[in-house]
Amino acid sequence: MSRASSRALKHPPVTAPSEPAGAPSDFPVAFPELAVAIDSQRRRGRGAQSNASGRYEAEARVAFDDGWQSLEELPPFKTTVAVDTSRKVITRNESPDIGFDRSINPYRGCEHGCVYCFARPTHAYLGLSPGLDFESKLFVKPEAPALLEKELAAPGYEPRMIAIGTNTDPYQPIERERKIMRGILEVLERAGHPVGIVTKSALVTRDIDILARMAKRNLAKVGISVTSLDPRLARTMEPRASTPSKRLEALKQLSEAGIPTTVMVAPVIPALNDSEMERILDAAAHAGVKEASYILLRLPLEVRDLFREWLMANYPDRYRHVFTLIRDMRGGRDYDAKWGERMKGTGPMAWTIGRRFEIACDRLGLNKRRAKLTTDHFARPKPDGAQLSLF
């Protein structure tokens, strides 16, 4: 007799879910069974509480104990790494409310495990869960530097700043051994191509030598997200990202090396970390940062339910207040993806956060001048064995 099994259900039975006190009326997920948290020891050091099947799957798999209590014997989630065989590495976008039209993601999935990460739903495209799978089943692009050089060498390529870290973090833990991000920077430096980096990891300081040389030619800038100065909150919300103090130290080292740096207060979560905005900006300015930005919490697709589970597990007393304020800033909904509003929100609370940010930046002298990158140094890479031009 099987001691434990995973049953494939075309249509899992839907029962009336129990709502937490004060929960919004639409709290229940489509399949309540999938929202049951994985045992804390199995997911120790992870951000998500559950591992629901991706929304594109024909079947939903539910952990089912047949009475032997053997679910307790299941192994903990371990990080696994597979190879992504993409033939191109530059991703294009036409979003009118972001300052770049191309980006690179050396990795798919992110071991940092930030529970609020808006990139989590992308794992559903791979037939995996945006929950624990996103932070434990990673995909690496070992050929990224070679693919990038090939794309930059294409006759029709027109250089513009490439953004890295806008989806998953390029300096997540496995970068220490894979060094794919460093290989990408080496290609960009040789080609004289501008790059903007976003990360939560102090590992970025490893590449100060390359970034400093690029910065002297106005080819590089780095933004580091500091979500909280509270180590406990940061550890709970971003379990495998660098500590707040390490991120501030990284900003200091980058600034001292002459690399334009930005502190990103992102995401701002009302009634959870919004009260820290001024202190974060003050600490970053003290570290030598000259630019700052902020982004309001975004809860697209599965991220909403994952964040709700996390909030109920860690801050149940704040659940009602947090989601009331979120809805006040999202037109009565949990999220509004409208261009121009998705980053900052609308309404009195969103306006107040924006004014607080502006006042703090004015007081600290932030954003007085913004670093501008250039494409003037771009030199198209010459493929190995390619015939040289006569002119």
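Fair warning: this is a prediction, and the values are worked out from it, not measured in the lab.

1. Notes on the overall build of the chain
And step 1. Of the regular secondary structure elements, the chain holds eleven helices and twelve strands.
And step 2. Taken over 391 residues, the chain has a buried fraction of 49%.
And step 3. Restricting to contacts in the chain with at least 6 residues of sequence separation, those with at least 24 account for 78%.

2. Thoughts on the state of the cysteines
Here a disulfide denotes a covalent bond joining the sulfur atom of one cysteine to the sulfur atom of another.
And step 1. Under the defined criterion, the tally for this structure stands at zero disulfides.
And step 2. Here Cys117 is not disulfide-linked; the sulfur of Cys114 is the nearest cysteine sulfur, at 6.4 Å.

3. Observations concerning the nonpolar core
And step 1. If you look at the biggest cluster of nonpolar residues, it comprises 62 residues, and the most contacted ones within it are Leu148, Leu152, Leu188, Leu211, Val263 and Leu281.
And step 2. Those residues in contact with Leu211 that sit more than four places away from it in its chain are Leu185, Ile197, Val204, Ala220, Val222, Leu254 and Ile259.
And step 3. Residues Tyr116, Tyr315, Tyr319 and Ile326 belong to the second largest nonpolar core, which totals 23 residues.

4. Structural notes on a nonpolar patch on the surface
And step 1. There is a patch of nonpolar side chains on the surface, built from Tyr56, Tyr125 and Leu126 and spanning about 330 Å² of accessible area.
And step 2. Inspection of the secondary structure puts Leu126 in the loop between strand E6 (107-108) and helix H1 (132-136).

5. What to know about the packing of helix H4 (residues 180-191) against helix H5 (residues 208-216)
And step 1. Between H4 and H5, whose axes approach to 10 Å, the crossing angle comes to 25°. Considering their axes alone, H4 and H5 lie roughly parallel with respect to each other. As H4 runs across H5, the sense of the crossing is left-handed. On H5, the residues touching Arg182, Leu185, Glu186, Leu188 and Glu189 of H4 are Asp209, Ile210, Leu211, Arg213 and Met214.

6. Some details on the packing of aromatic side chains
And step 1. Within this structure, the stated rule accounts for seven aromatic pairs.
And step 2. Between the aromatic rings of Tyr294 and Phe357, the centroid separation amounts to 4.9 Å while the plane-to-plane angle is 50°, which identifies the pairing as tilted. Highlighted residues: Tyr294 in strand E12 (residues 291-296) and Phe357 in helix H11 (residues 348-364), separated in sequence by 63 residues.
And step 3. The buried category is assigned to Tyr294, whose relative accessible area is 8%.

Procedures and definitions
Position numbers for residues start from 1 in each chain and track the written sequence from start to end. With pLDDT at 70 or above as the cut-off, local features in this predicted model cover only qualifying residues; side-chain atom pairs require 80 or more to be listed or tallied, and sums for whole chains, interfaces and linings still use all residues. The basis for the side-chain values is all heavy atoms of the structure; hydrogens and waters are excluded. Numbering goes from the N terminus for both helices and strands, where a helix is a DSSP run of H or I of at least four residues and a strand is a run of E of at least two. Each residue gets one of three labels from its accessible area relative to the maximum for its type: buried under 20%, exposed over 50%, partly exposed in between, using a 1.4 Å probe on protein chains only. We call two residues in contact whenever any of their non-hydrogen atoms come within 4.5 Å of each other. Note on disulfides: each one is a pair of cysteine sulfur atoms within 2.5 Å. Nonpolar cores were defined as sets of buried Ala, Val, Leu, Ile, Met, Phe, Trp, Tyr and Cys residues, with membership established by side-chain atoms within 4.5 Å. Nonpolar side chains (Val, Leu, Ile, Met, Phe, Trp, Tyr) within 5 Å and like charges within 9 Å form the patches, drawn only from residues with over 30% relative accessible area and no salt bridge. All accessibility values rest on the Shrake-Rupley procedure with a 1.4 Å probe; residue burial counts only the protein chains present in the view. By salt bridge we mean one thing: a side-chain nitrogen of Lys or Arg within 4 Å of a carboxyl oxygen of Asp or Glu. A fitted line through C-alpha atoms represents every axis, and for helices the fit uses only the stretch in contact; the resulting angles, taken between N-to-C directions, go from 0 to 180 degrees. Between 65 and 115 degrees an angle is taken as roughly perpendicular, under 35 as roughly parallel, over 145 as roughly antiparallel, and anywhere else as oblique. Left-handed describes a crossing whose near helix is turned anticlockwise from the far helix by less than a right angle; the clockwise case is right-handed. Between 30 and 60 degrees the pair is tilted, below 30 it is stacked and above 60 it is edge-to-face, where a pair is any two Phe, Tyr or Trp rings, Trp via its six-membered ring, whose centres lie within 6.5 Å.

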